Amino acid sequence: KCMTRVCGIAPKGIRTDAMLSFVSAVHLDKALEGYHDRQNKGGEHSLSLAYVRSTIMALKGQVEKQWTSWIKEQIDWIKTHPGVPASGKQAGVFQSFATFPSYVDHLIVCCHGEPSTLPNMKVATRALQRLATALLESLAACAVREGTDQEYAVEVMRMENAHFLAATMKARPETREIFER
């Protein structure tokens with residue numbers, strides 16, 4: 001029960017706060033940096049550092065798993081909620097595209113606003129790329145859906161949402177490197 005509250009680790013079947021898991025992963029990632037045998041002392045000193053590192057890595061793996069399962073739920077939501085009415089007539093940015101930048105801002109805050117932290121966390125980079133890919137795939141699915149005006153509305157829909165995503169991610173120096181890959 002304590003691990004659920006403190007760092008977002010929970011037994012299977014119990015829901016945790018995904019952002020708490022992400023924050024824990026950030027802190028555990030930073031904690032790993034302090035447990036290297038930089039002086040090459042070897043022996044017991046090196047073994048105890050290796051033990052601490054393996055314990056931190058195991059905890060980090062658990063919280064990252066909790067967070068990535070939440071990311072999968074978000075991707076499933078994006079795929080099942082296309083954001084366009086059945087008539088296919090909607091002007092403006094889809095809800096899923098509109099909320100993505102605020103989610104990215106929240107992740108940046110969780111990394112204490114350090115620009116180098118987010119792109120250097122492989123799990124965060126992969127998750128953000130997967131979310132952005134799901135958004136663009138949902139946009140493509142909306143474009144070919146029956147009932148959407150294929151001559152004009154499709155192009156406007158693609159242009160507005162793709163431009164919004166590109167412009168908002170380009171404006172954040174922390175994410176520029178992630179989305180340029």
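Residues numbered from 1 in each chain as written. Predicted model: local features only at pLDDT ≥ 70, side-chain atom pairs only at ≥ 80, totals over all residues. Heavy atoms only, no water.

Q: Could you give an account of helix H2 (residues 18–33), with specific residues and numbers?
A: Note that an α-helix has 3.6 residues per turn; residues three or four places apart therefore point the same way. Here H2 spans 23 Å end to end across 16 residues, near enough to the 22 Å set by a 1.5 Å rise per residue. Three or more residues of H2 are buried, namely Ala18, Met19, Ser21, Phe22, Ser24, Ala25, Val26, Leu28 and Leu32. (Helix = DSSP H or I, 4+ residues; strand = E, 2+ residues; numbered from the N terminus. Expected span 1.5 Å × (residues − 1). Buried < 20%, exposed > 50% of the residue type's maximum accessible area, 1.4 Å probe, protein only.)

Q: With reference to specific residues and values, describe the layout of surface pockets.
A: As a volume, the second largest pocket reaches approximately 180 Å³. Lining the second largest pocket we find Trp70, Gln74, Trp77, Ile78, Ser96, Thr99, Phe100, Tyr103, Leu131 and Leu135. If you list the elements that add at least two residues to the lining of the second largest pocket, you get helix H3 (43–80), helix H4 (95–110) and helix H6 (122–144). The residue inventory of the lining of the second largest pocket, partitioned by class, reads 7 nonpolar, 3 polar and no charged. (1 Å grid on protein atoms, 1.4 Å probe; cavity = no way out; pocket = protein on both sides within 12 Å on 5 of 7 lines; lining within 4 Å. Points joined across faces, edges and corners; volume = space filled by probe spheres on them. Nonpolar A, V, L, I, M, F, W, Y, C, P; charged D, E, K, R; others polar.)

Q: Describe the nonpolar core, and please don't skip the residues or the numbers.
A: Grouped together as the largest cluster of nonpolar side chains are 38 residues, with contacts concentrated most on Phe22, Trp67, Phe100, Tyr103, Leu107, Leu118 and Leu128. Elements with a minimum of two residues in this core: H2, H3, H4, H6 and helix H7 (153–170). With 10 residues, the single largest contributor to this core is H6. Residues contacting Tyr103, with those up to four places away along its chain left out, are Met19, Trp67, Trp70, Ile71, Leu128 and Leu131. (Core = buried A, V, L, I, M, F, W, Y, C linked by side-chain atoms within 4.5 Å. Contact = heavy atoms within 4.5 Å.)

Q: With reference to specific residues and values, describe the environment of Phe97.
A: Within the secondary structure layout, Phe97 lies in helix H4. In this structure the C-alpha to C-alpha distance between Phe97 and Asn161, which are 64 residues apart in sequence, comes to 6.7 Å. When residues no more than four places from it in sequence are discounted, the contact partners of Phe97 are Leu135, Leu136, Ser138, Leu139, Asn161, Phe164 and Leu165.

Keep in mind that these numbers describe shape and distance, not what the molecule does.
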